[in-house]
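The residues making up each chain are set out below.
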Amino acid sequence: MRIGNISQGKIQCDSCKKLVPYSERYLIVKEKKGVESEDPTAEQKRYCVKCATQKGYVDTRIEKGEKITTYFKGKITAPPVTDDVDIEPEAVIPAEPEADKEE
Ligand SMILES: [Zn+2]
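None of the values given here were measured: they were computed from a predicted structure. (Residues numbered from 1 in each chain as written. Predicted model: local features only at pLDDT ≥ 70, side-chain atom pairs only at ≥ 80, totals over all residues.)

1. Re the overall build of the protein
The helix and strand inventory of the protein stands at one helix and eight strands. Looking at the protein residue by residue over its 103 residues, the buried ones come to 16%. A separation threshold of at least 6 residues defines the contact pool for the protein, and within that pool the share at least 24 residues apart is 43%. (Helix = DSSP H or I, 4+ residues; strand = E, 2+ residues; numbered from the N terminus. Buried ≥ 20, exposed ≤ 12 C-beta atoms within 10 Å, placed from the backbone. Contact = placed C-beta atoms within 7 Å.)

2. Examining the nonpolar core
Ile11, Cys13, Val20, Tyr26, Leu27, Val29, Tyr47, Cys48, Cys51 and Ala52 together form the largest nonpolar core, which totals 10 residues. Of all elements in the fold, only strand S4 (25-32), strand S6 (43-48) and helix H1 (49-54) reach the threshold of two or more residues within this core. Broken down by element, this core gets its largest block of residues, three residues, from S4. (Core = buried A, V, L, I, M, F, W, Y, C linked by C-beta atoms within 7 Å.)

3. Examining unusual backbone geometry
Negative phi values dominate among residues other than glycine, just as trans dominates among peptide bonds. The backbone of Lys17 sits at a positive phi, close to 70°, despite the residue not being glycine. Take Lys17: it is sitting in the loop between strand S2 (11-12) and strand S3 (19-20). Of note, Ser23 is a non-glycine position whose phi angle comes to about 75°, a positive value. Within the secondary structure, Ser23 is located in the loop between S3 and S4.

4. Points about the confidence of the model for the protein
Residues at a pLDDT of 70 or more form 65% of the protein, whose mean pLDDT is 78. Put simply, strand S8 (residues 66-69) is where the protein has its lowest mean pLDDT, 71, and S3 is where it has its highest, 96. (pLDDT = per-residue confidence, 0-100.)

Written out as structure tokens, the structure reads:
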């Protein structure tokens with residue numbers, strides 16, 4: 001299970017231990033012994049984009065001449081809304097052609 005999320009500024013990467021800056025994307029993934037797992041005992045890890053890439057959780061493709069990062073294939077969640085947040089979370093997944101619907 002991979003969940004894309006947007007940092008509220010207090011997210012620490014479980015790999016490089018750096019804080020994920022506010023409004024940057026990060027990945028939540030369940031792992032067991034360092035491998036992605038659906039096991040109930042799997043640990044929930046959080047990775048910054050760089051570490052998610054290094055761990056192979058990122059897919060990149062070229063579409064219309066633009067490099068698109070499609071690393072969060074799972075459900076996309078928006079951060080909880082708070083009063084002092086006035087940014088819109090960016091759409092993480094680009095629009096798909098109609099003939100190619102997911103799910
Ligand atoms: Zn990291």
